[in-house]
Amino acid sequence: MVHGDKGGVGKSTFATLAADWLLRQYGAVTIVEGDETIFDVAPRFDGRPGATCLAVDLARPDASEDAIVALLSEIERAGGDSHIVINTPASASKTLDGQADIIAPAIEDMGYKLLVAWMVDVGEDSAILSESSKLCMLAHHKIAIRNERLKPKEKLPWESHAARQAWAASGGLEGSIPALTERVAARMRDIKTPFSAMIEDQQHLTIIERQAIKRWVNVAWANGVDPLYRAALEVNHG
């Protein structure tokens, strides 16, 4: 579950990276779009073998229990896929964290582990919110992701905030998504395929653009997606 409560922090980018990685590693992934008005991730995987795309409105603080029941029902119906990526909308904390004590045990009862990627914002409030997120507290594994396209990670308030120490003390991991030039990022936004598929896209991208994307994807996977899933797999195999 890609969380962070803020908009524009890279939730959809990380969700796409995770879904892309999972599809290549395991051959199957279910993608849940949590905002029914904005589909950022699903269109990239529409029609891809092994990819299932769902939509559940999670921006419902006035009816948070209904939203979570709908989400968990869809997950249960999608049974058979070994991995599910949930792209949450901005300001979803009232829906997600308010119902975390239902989400966590239900997901576990279905045979899944709850993994949370917390997207770190450029403001101090992101660090403060990470401490109060019940979903993060109940997750089997969690990772704080610094999006270096927003700001170099050493310049984020998170780096020196007490919440970062609390995150580490509670078993939280840290990761990052590297920066990418705006020109290449703009080209990637226009092409509705998984990021890794762009590496071979000779029709729309130049050689240097494909090389830049290849490096970006590999670093993002190694520094952001890999650590979270490696932690979960190490527990399984340990």
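Before reading further, recall that the structure is shown in the block above.
The text that follows walks through the structure, step by step, so that each part is easy to find. Each chain has its residues counted from 1, following the order in which its sequence is written. This being a predicted model, a pLDDT of at least 70 is required before a residue's local features are given, and a value of 80 or more before pairs of side-chain atoms are given or counted; all residues contribute to the totals for chains, interfaces and linings. With hydrogens and water stripped out, all remaining heavy atoms of the structure feed into the side-chain values.

### Some details on the overall build of the protein
Heads up, the condition is: Helix and strand definitions here come from DSSP, where helices need a minimum of 4 consecutive H or I residues and strands a minimum of 2 consecutive E residues; each element is numbered from the N-terminal end. When we talk radius of gyration, it's over C-alpha atoms, and the globule rule is simply 2.2 Å times the number of residues to the 0.38. Each residue is placed in one exposure class: buried if its accessible area under a 1.4 Å probe, protein chains only, is under 20% of its type's maximum, exposed if it is over 50%, and partly exposed if it falls in between. Whether two residues are in contact is decided by their heavy atoms: any pair within 4.5 Å suffices. The protein chains shown are the only cover counted for residues, whose accessible areas, like all others here, come from Shrake-Rupley with a 1.4 Å probe. Under the counting rule used here, the positive set is Lys and Arg, the negative set is Asp and Glu, and His together with the chain ends is not counted. For charged residues, the charge sits on one atom: NZ in Lys, CZ in Arg, CG in Asp, CD in Glu.
Scanning the protein from terminus to terminus reveals ten helices and seven strands. Against the compact-globule benchmark of 18 Å for 238 residues, the protein has a radius of gyration of 17 Å, which places it among compact chains. The buried share of the protein, reckoned over its 238 residues, is 52%. Contacts in the protein between residues far apart in sequence, at least 24 positions, make up 72% of those at least 6 positions apart. For the protein, the computed accessible surface area is about 11,000 Å², with 49% contributed by carbon and sulfur atoms. Distance from the positive charge centre (25 side chains) to the negative charge centre (33 side chains) of the protein: 8 Å.

### Considerations on the packing of aromatic side chains
Rule in force here: Here the aromatic set is Phe, Tyr and Trp, taking the six-membered ring for Trp, and pairing holds for ring centres within 6.5 Å; pairs whose planes are under 30 degrees apart are stacked, those over 60 apart are edge-to-face, and all others are tilted.
Enumeration over the complete set of coordinates arrives at four aromatic pairs. Between the aromatic rings of Trp158 and Trp167, the centroid separation amounts to 5.8 Å while the plane-to-plane angle is 75°, which identifies the pairing as edge-to-face. Taking relative accessible area as the criterion, Trp158 reaches 1% and is therefore assigned buried. When its relative accessible area of 3% is taken as the criterion, Trp167 is described as buried. Measuring from centroid to centroid gives 5.2 Å for Phe195 and Trp216, while their planes differ by 80°, and the two rings are edge-to-face. Residue Phe195 is found in the loop between α9 (182-190) and α10 (207-237), and its partner Trp216 is found in helix α10; the two are separated by 21 residues along the sequence.

### Regarding the pairing of strand β2 (residues 29-33)
Most of β2 is tucked away, with five of its five residues classed as buried. Covered by surrounding structure in β2 are Val29, Ile31 and Glu33 together with Thr30 and Val32, the residues of both alternating faces.

### Structural notes on the environment of Met119
Within the secondary structure, Met119 sits in strand β5 (residues 115-120). Overall, Met119 belongs to the buried group, its relative accessible area being 0%. Residues Met119 and Ala15, spaced 104 residues apart in sequence, show a C-alpha to C-alpha distance of 11 Å. Every residue in contact with Met119, bar those within four places of it in the chain, is listed here: Val2, His3, Gly4, Val9, Gly10, Lys11, Phe14, Ser126, Ile145 and Ile177.

### A few points about the packing of helix α3 (residues 64-77) against helix α5 (residues 100-109)
Filter applied, for reference: To define axes, lines are fitted to C-alpha atoms, for helices over the stretch in contact only, and angles between the resulting N-to-C directions are given on a 0 to 180 degree scale. When describing relative orientation, an angle under 35 degrees is termed roughly parallel and one over 145 degrees roughly antiparallel, while 65 to 115 degrees is termed roughly perpendicular and anything else oblique. Two helices crossing with the near one rotated counterclockwise from the far one by less than a right angle form a left-handed crossing, whereas a clockwise rotation gives a right-handed crossing. Note on residue categories: nonpolar means Ala, Val, Leu, Ile, Met, Phe, Trp, Tyr, Cys or Pro, charged means Asp, Glu, Lys or Arg, and polar means any other residue, Gly included.
Where α3 contacts α5, the two axes come as close as 11 Å, and the packing angle between them is 10°. Here α3 is positioned roughly parallel relative to α5, judged by the angle of their axes. The crossing of α3 and α5 is right-handed. Mapping the contact onto sequence places Glu65, Ile68 and Leu72 in α3 and Ile102, Ile103, Ala106 and Ile107 in α5. Its residues assigned to classes, the contact of α3 with α5 comprises six nonpolar, no polar and one charged.

### Some words on the environment of Pro61
Relative to the helices and strands, Pro61 is located in the loop between β3 (51-55) and α3. Residue Pro61 is classed as partly exposed on the basis of its relative accessible area, which comes to 47%. Expressed as a C-alpha distance, the spacing of Pro61 and Ala92, which sit 31 residues apart in the sequence, is 7.5 Å.

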